[in-house]
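Structural overview for review
These are the residues of each chain, in order.
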Amino acid sequence: MGLHNLQPAPGSTRNRKRVGRGQGSGNGKTAGRGNKGQKSRSGYSEKRGFEGGQMPLYRRVPKIGFTSRVIKPYSINVDKVKAIAGLDEITLESIKSVHKLQRTVTKVKLIGTGAKELASKIKDEAVTTSGK
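A few points on the structure. Bear in mind that the values here come from a model prediction, so they are computed numbers and not experimental data. Once a new chain begins, its residue numbering starts again from 1 and follows that chain's sequence as written. Owing to the predicted nature of the model, reporting of local features is limited to residues with pLDDT of at least 70; listing and counting of side-chain atom pairs is limited to 80 or more, with chain, interface and lining totals taken over all residues. Excluded from the side-chain calculation are hydrogens and water; included are all heavy atoms of the structure.

**Things to note about the overall build of the chain**
What counts here: Here a strand is any run of E in DSSP of at least two residues, a helix any run of H or I of at least four, and the numbering for each starts at the N terminus. As a reference, a globule follows 2.2 Å times the number of residues to the power 0.38, and the radius of gyration itself is taken over C-alpha atoms. Remark: exposure states derive from per-residue accessible area (1.4 Å probe, protein chains only) relative to the maximum for the residue type, with buried under 20%, exposed over 50%, and partly exposed in between. Contact between two residues is taken to exist if any of their heavy atoms lie within 4.5 Å; hydrogens are not considered.
In terms of helices and strands, the chain carries 3 helices and 3 strands. Going residue by residue from the N terminus, the α and β elements of the chain occur as α-β-α-α-β-β. Relative to the compact-globule value of 14 Å for 132 residues, the chain shows a C-alpha radius of gyration of 35 Å, a clear excess of over 25%. Viewed in the frame of its principal axes, the chain has a C-alpha envelope of about 95 × 55 × 20 Å. Counting across all 132 residues of the chain, residues that qualify as buried make up 20%. At a minimum sequence separation of 6, the contacts of the chain that also span at least 24 residues come to 42%.

So, in structure tokens, the structure goes:
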């Protein structure tokens, strides 16, 4: 066997359909396009989402929602979670050790009346307070 005598397996390939080549071919005259109408014309192409003149689905369904790409911080009230106030250094890892957080949380904001006093203990950019 060599590259010069390779052939596809029997029955695996078919000849291309040649349309518009006479009545005897079975695809003459209208060339398999039916009779008249927009779809039978040359140059016809259906637009994306076109439903035959009916109001398309993307216009029937109401517009809802918006997904912001800005990651909003997870807020923790220091008055309710007293363990955070007792930490020496406040980082994201130290907060996770005393307060249960999801793995997806990347930013934390400390809120509440006692949050301003904790601003000096914060050693991580991912943790902020509401106080100035």
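**Some points on the nonpolar core**
Put simply, the test is: Nonpolar cores are built from buried Ala, Val, Leu, Ile, Met, Phe, Trp, Tyr and Cys residues. Side-chain atoms within 4.5 Å join them into one set.
In terms of nonpolar packing, the biggest core is built from 17 residues, with Ile76, Ile84, Ile90, Ile95, Val108 and Leu110 touching the most fellow members. Secondary-structure elements contributing two or more residues to this core are helix H3 (92-98) and strand E2 (108-111). Leave out the neighbours within four places in its chain, and Ile84 touches Ile76, Ile90, Ile95, Val98 and Leu110.

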